[in-house]
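# Examining the three-dimensional arrangement
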Amino acid sequence: MPAAFALALHRWFSVVKDRREVTRCVARYNSAAPPEHRIPAREAEAVLRGTLGEAYLLDLVDEKATALIMYSMLFWLAHELGLSEEQLDDLVVAADELSDRAVSVSESDGEPTLDLENFLKGDAMRWRPLNAS
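Here is what the cut-offs are and how they apply
- Residues numbered from 1 in each chain as written.
- Predicted model: local features only at pLDDT ≥ 70, side-chain atom pairs only at ≥ 80, totals over all residues.
- Heavy atoms only, no water.
- Helix = DSSP H or I, 4+ residues; strand = E, 2+ residues; numbered from the N terminus.
- Buried < 20%, exposed > 50% of the residue type's maximum accessible area, 1.4 Å probe, protein only.
- Contact = heavy atoms within 4.5 Å.
- Phe/Tyr/Trp six-rings, centres within 6.5 Å; stacked < 30°, edge-to-face > 60°.
- Expected span 1.5 Å × (residues − 1).
- Salt bridge = Lys/Arg side-chain N within 4 Å of Asp/Glu carboxyl O.
- Axes fitted to C-alpha atoms, helices over the stretch in contact; angles between N-to-C directions.
- Parallel < 35°, antiparallel > 145°, perpendicular 65-115°, else oblique.
- Left-handed = near helix turned anticlockwise from the far one by under 90°.

### Here we look at the overall build of the protein chain
Of regular secondary structure, the protein chain possesses six helices and two strands. Put simply, the protein chain runs from its N terminus to its C terminus through helices and strands in the order α-α-α-α-α-β-β-α. Taking all 133 residues of the protein chain together, 41% fall into the buried category. Pairs at least 24 apart in sequence give 62% of the contacts found in the protein chain among residues at least 6 apart.

See the structure below:
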């Protein structure tokens, strides 16, 4: 899921170049979401900016909050990007293939986690089905 979120977010920002869009993106999500599904703006902006390359910001947000933000915004981003079901399937497949190469095991608890920094430095951003039918 973090890999799919990262791909969708980078896809969004391949079209939208202005990083101030992070704030607008979170505000648009929260205005469209029912009250019980709204996300804290400050933490959400940190997660988005962290996923876009400012990795140190990801350390400032609790892991559970990060997962909730990514999960909530993934489907909204897919909708905003106008992804078809086929493109969404392609996104999930690409994320799965790429994350297999970027998973590390935490020394503290032995849990496998996606190393987003290494994921984003690789060829992850080649997923761009802009013209896929």
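Let's pick the thread back up.
### Regarding the packing of aromatic side chains
Within the structure shown, the criterion is met by three aromatic pairs. Residues Tyr-71 and Phe-75 carry aromatic rings whose centres are separated by 5.3 Å and whose planes lie at 80 degrees to one another, so their mutual orientation is edge-to-face. Taken together, the residues span about one helical turn, with Tyr-71 and Phe-75 both in helix 4 (residues 63-81) at a distance of four residues. In this structure Tyr-71 comes out as partly exposed when scored by relative accessible area, which is 49%. Here Phe-75 falls in the partly exposed class, since its relative accessible area comes to 46%. An aromatic cluster is present here, built from Trp-12, Tyr-29 and Trp-76 joined pairwise through their rings.

### Re helix 2 (residues 21-32)
With 12 residues, helix 2 should reach 16 Å at 1.5 Å per residue; the first-to-last C-alpha distance of 16 Å fits that figure. Listed as buried for helix 2 are Glu-21, Val-22, Cys-25, Val-26, Tyr-29 and Asn-30.

### Focus on the pattern of salt bridges
Enumeration according to the criterion identifies three salt bridges in this entry. Through salt bridges with shared partners, a single network forms among Glu-21, Arg-24 and Arg-28.

### Side note on the packing of helix 2 against helix 3 (residues 41-51)
Remark: helix 2 packs on helix 3, axes separated minimally by 9 Å, with the N-to-C direction vectors making an angle of 130 degrees. Classified by the angle their axes make, helix 2 and helix 3 are oblique. Judged by the sense of rotation from one axis to the other, the crossing of helix 2 with helix 3 is right-handed. Two secondary-structure elements touch here, helix 2 through Val-22, Thr-23, Cys-25 and Val-26 and helix 3 through Ala-41, Ala-44, Glu-45, Leu-48 and Arg-49.

### Topic: helix 3
By the burial criterion, the buried members of helix 3 are Ala-44, Ala-46, Val-47, Leu-48, Gly-50 and Thr-51. After helix 3 finishes, the residue Gly-53 shows a positive phi value of roughly 135 degrees.

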